[in-house]
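# Fold and geometry: a report
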Amino acid sequence: MDKIALTAGALYVIVLLRAGGTFAVGWLAGAGARRSRFSGRISSAKFQRAERAIQRWGAPVVAVSFLTVGFQTAANFLAGSMRMPLPRYLPALFVGGAAWALVYATAGLGVLEVLGRLFAEQTAVGVSAVVVLLLALCGVVVYRRRKAAPSSADVAADEA
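Residues numbered from 1 in each chain as written. Predicted model: local features only at pLDDT ≥ 70, side-chain atom pairs only at ≥ 80, totals over all residues. Heavy atoms only, no water.

This brings us to the overall build of the protein. Regarding its fold elements, the protein presents 7 helices and 0 strands. For the protein, the succession of helices and strands along the chain, N to C, is α-α-α-α-α-α-α. Relative to the 2.2 N^0.38 estimate, which gives 15 Å for 160 residues, the radius of gyration of the protein is 22 Å and therefore markedly larger than a compact globule would have. Expressed along its principal axes, the backbone C-alpha trace of the protein runs to roughly 65 × 60 × 20 Å. Look at the contacts in the protein between residues 6 or more apart in sequence, and 77% of them connect residues 24 or more apart. For the protein, the exposed area adds up to about 11000 Å²; of that, 70% sits on carbon and sulfur atoms. Each charge class in the protein can be summarised by its mean position, and for the 17 positive and 7 negative side chains these summaries are 15 Å apart. (Helix = DSSP H or I, 4+ residues; strand = E, 2+ residues; numbered from the N terminus. Rg over C-alpha atoms; globule rule 2.2 N^0.38 Å. Contact = heavy atoms within 4.5 Å. Areas by Shrake-Rupley, 256 points an atom, 1.4 Å probe, with all protein chains shown as cover. Lys, Arg positive; Asp, Glu negative; His and termini not counted. Charge placed at Lys NZ, Arg CZ, Asp CG, Glu CD.)

See below:
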């Protein structure tokens, strides 16, 4: 139990620094955009409505984003760039960060422990499992790239 508490505490500090830093970078990027040539687009009524909605309702989205993969950085950056007030952002950061740290401390340590036992007791099976996982990952990457790339028929149709 001490190992989980220590890991969760360390992960909590890491997520607070990382997500808070992402929020700060977003805040600075938003401030820079407001002073740039894009300021006309940012001052539109539609953008202002979106900014007010994020400032008011974005905190639950930020908190839940910590339980997703690949969305939390975008949510924190957007919250910063849309100037979510700190009294709304910080509670979402603390709650979402705590949930993230607990999930990764418990599940992450469990997976590492299982892998450690597997490699210690049956090295060949452990190596085989890692190879299968890497091949599956490579297959997914190749599949997505082929699906995203335009086919030769699409290129020919565009040229015609």
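The next thing to look at is the packing of helix α3 (residues 45–65) against helix α5 (residues 86–121). Between two packed helices, what matters for the description is the angle formed by their axes and the separation of those axes. Interhelical geometry of α3 versus α5 gives an angle of 10° and a closest axis separation of 8 Å. When the axis of α3 is compared with that of α5, the two are roughly parallel. Residues Gln-55, Arg-56, Ala-59, Val-62 and Ala-63 of α3 pack against Arg-88, Tyr-89, Ala-92 and Gly-96 of α5. Class assignment of the residues belonging to the contact of α3 with α5 gives a composition of 5 nonpolar, 2 polar and 2 charged. (Axes fitted to C-alpha atoms, helices over the stretch in contact; angles between N-to-C directions. Parallel < 35°, antiparallel > 145°, perpendicular 65-115°, else oblique. Nonpolar A, V, L, I, M, F, W, Y, C, P; charged D, E, K, R; others polar.)

This part covers the pattern of salt bridges. Summed over all chains, the structure comprises 1 salt bridge. Of the charged contacts, one joins Glu-113 and Arg-117 as a salt bridge, the two residues approaching to 3.0 Å between their closest N and O atoms. Note that Glu-113 and Arg-117 are positioned in helix α5 at a spacing of 4 residues, about one turn of the helix. Glu-113 sits in the partly exposed class, given a relative accessible area of 38%. (Salt bridge = Lys/Arg side-chain N within 4 Å of Asp/Glu carboxyl O. Buried < 20%, exposed > 50% of the residue type's maximum accessible area, 1.4 Å probe, protein only.)

Summed over the entire model, instances satisfying the criterion amount to 3 aromatic pairs. Look at Phe-23 and Trp-27: their rings are 5.8 Å apart centre to centre, the planes differ by 45°, and that puts the pair in the tilted class. Of this pair, Phe-23 and Trp-27 are both found in helix α1 (residues 2–34), 4 residues apart, which corresponds to roughly one turn of the helix. When the ring of Trp-100 is compared with that of Tyr-104, the centres are 4.9 Å apart and the planes differ by 35°; the resulting orientation is tilted. Residue Trp-100 and its partner Tyr-104 are both found in helix α5; the two are separated by 4 residues, about one turn of the helix. On the accessibility criterion, Tyr-104 (42% relative accessible area) is partly exposed. (Phe/Tyr/Trp six-rings, centres within 6.5 Å; stacked < 30°, edge-to-face > 60°.)

A separate point is the environment of Arg-35. Checked against the element boundaries, Arg-35 lands in the loop between α1 and α2 (39–42). With relative accessibility at 70%, the residue Arg-35 sits in the exposed group. With 84 residues separating them along the chain, Arg-35 and Phe-119 place their C-alpha atoms 56 Å apart.

This part is about unusual backbone geometry. Backbone geometry places Arg-83, a non-glycine residue, at a positive phi of 55°. You can see Arg-83 is positioned in the loop between α4 (72–81) and α5. In this structure Arg-83 comes out as partly exposed when scored by relative accessible area, which is 35%.

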